[in-house]
Amino acid sequence: MPLALVVHGGAGLIRRDSLTPEREDRCRAGLRAALDAGWAVLHAGGSALDAVQASVVALEEDPAFNAGRGAVLAAGGTVELDAAIMDGTGRAAGAIAGATLPRSPIAAARAVLSGTPHVLLCGPGADAFIVDAGLETADASWFETPERRAQYEAVAAVGGYGLDHGPLGGKKDVYGTVGAVACDRGGHVAAATSTGGMVNKLHGRVGDTPVIGAGTYAWDQTCAVSGTGHGEPFIRLAVAHRISDLMELAGLSVAEAAERVIRVELPAVAGEGGVIAVDAAGRIAMPFNTGGMFRGWRTEAETGVQIW
Ligand code: ASP
């Protein structure tokens, strides 16, 4: 099967005039590094699951994006991390929500997948699991950046709540939630998504990212999907699973299904965002209904990075 890898760094109101050339370069470089990390796994014959994890880890380590280091701050000024990973072969999944400790939230989600009978661990239980599993932890000072503190204070001062780069959380030098989808040589697909969520979210709020079928989903029979945007409508419409359903039950292609959900169904409930998706034949889709979406793709035919 042809290899394919797509990554995203968030969707939102990303205006050309508010993104300096330096910041744009930094973002594009981060997406390219994530593509390189995942492609190295795929090219060496590795699994889609390992590839999406490698791509997301690279983006979590990059403070320019809203995941891991550089995650946005919740109400009270703390970091609450959500992440999920799903294997399209057998549909095994693992996720964490509201965790404060894992240096790599996606590695923690992977450990839930491989090391527990559960799918989703949250809050103090997720943190305890991360410590018990011997995963690398980090403290708040590692996750928080000065830009995130300033962004949080500006949003909290007006009682706002928003997407990292939406109208409330918008700040020209910060970016978004991260994700990756891949198809490997064996025709297996996988999806991974990691985020700090929305700026000034209520303590305990869980977004779409760790909810299987909402922001993250993978099944070899249809596709792998990673979403970004305002999480609540993604949960209400089960966006990622809906795309899979449209392929399975209505015979749509991955591009047709993703376009319909993002451009027609999500706006019908005032939902903003986008998805990256890949099917088991390596065909990709990257629709969004916002001003922009940070995204990069690589197939055996081509590679690219785009924002608008
Ligand atoms: N979907 C994420 C959430 O609602 C936010 C984002 O994509 O930037 O938590």
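Residues numbered from 1 in each chain as written. Predicted model: local features only at pLDDT ≥ 70, side-chain atom pairs only at ≥ 80, totals over all residues. Heavy atoms only, no water.

1. A few points about unusual backbone geometry
For clarity, the cut-off: Per the convention used, a helix needs a DSSP run of H or I reaching at least four residues, while a strand needs a run of E reaching at least two, with both numbered from the N terminus.
Its identity as a non-glycine residue notwithstanding, Arg 91 has a phi of 55 degrees, on the positive side. Relative to the assigned elements, Arg 91 resides in the loop between β2 (81-87) and β3 (92-99). One non-glycine residue, Ala 238, lies in the positive phi region at around 45 degrees. Within the element layout of this structure, Ala 238 appears in the loop between α7 (231-237) and α8 (239-250).

2. Comments concerning the sheet that holds strand β12 (residues 303-306)
For the record, the criterion: Strands pair, by our definition, only if DSSP identifies at least two bridges between them. Convention adopted: a line fitted to C-alpha atoms gives each axis, helices being fitted over their contacting stretch, and angles between N-to-C directions are expressed from 0 to 180 degrees. We call two residues in contact when some of their heavy atoms are within 4.5 Å.
Here 8 strands make up an open sheet; going across it, the order is β4-β3-β2-β6-β5-β1-β11-β12 and the pairing mixed. The sheet terminates laterally at β4 (120-122) and β12, the two strands that pair on one side only. Each neighbouring strand pair of the sheet contributes to a mean axis angle of 5 degrees, computed without reference to strand direction. Bridge count between strand β1 (residues 4-12) and strand β11 (residues 292-299): 7 bridges; the pairing is antiparallel. Paired with His 8 across the bridge in β11 is Arg 295. Packing against the sheet, helix α3 (residues 105-115) makes contact with β2, β3, β4 and β6 (189-195), and its axis sits at approximately 130 degrees to β3. Sheet contacts for helix α4 (residues 123-132): β3 and β4; angle to β3, the most-contacted strand, approximately 115 degrees.

3. Observations regarding the confidence of the model for the protein
Condition: The quantity known as pLDDT measures the predictor's confidence residue by residue, on a range of 0 to 100.
Residues at a pLDDT of 70 or more form 95% of the protein, whose mean pLDDT is 93. Taken as a whole, residues 168-174 scores under 50 in pLDDT and shows 28 contacts with residues more than four places along the chain or in a different chain.

4. Description of the sheet that holds strand β10 (residues 284-285)
Taken together, 4 strands build an open sheet; the order of strands is β7-β8-β9-β10 and the sheet is antiparallel. Two strands in the sheet have a free side with no partner beyond their single neighbour: β7 (216-218) and β10. Sheet contacts for α8: β7, β8 (223-229) and β9 (273-279); angle to β8, the most-contacted strand, approximately 145 degrees.

5. What about the site of the ligand?
This is how the line gets drawn: For this description, a residue counts as near a given molecule or strand if any of its non-hydrogen atoms is within 4 Å of it. Distance and chemistry together define a polar contact, namely a pair of N or O atoms within 3.5 Å, with one atom able to donate a hydrogen and the other to accept it when in protein, and with adjacent residues in sequence counting only for side-chain atoms on both sides. Surface accessibility follows the Shrake-Rupley procedure with a 1.4 Å probe radius. Residue values consider only the protein chains on display as shielding. By the convention adopted, Pro, Cys, Tyr, Trp, Phe, Met, Ile, Leu, Val and Ala count as nonpolar, Lys, Arg, Asp and Glu as charged, and the other residues, Gly among them, as polar.
Surveying the vicinity of the ligand reveals 10 residues, the closest of which are Thr 177, Arg 205, Asp 208, Thr 228 and Gly 229. Thr 228 has a polar side-chain atom sitting 2.8 Å from an oxygen atom of the ligand. Between Gly 231 and the ligand, the recorded distance is 3.0 Å, taken from a backbone N or O atom to an oxygen atom. Burial of the ligand by the protein amounts to 100% of the accessible area it has alone, namely 270 Å². The class makeup of the residues in the shell around the ligand is 2 nonpolar, 6 polar and 2 charged.

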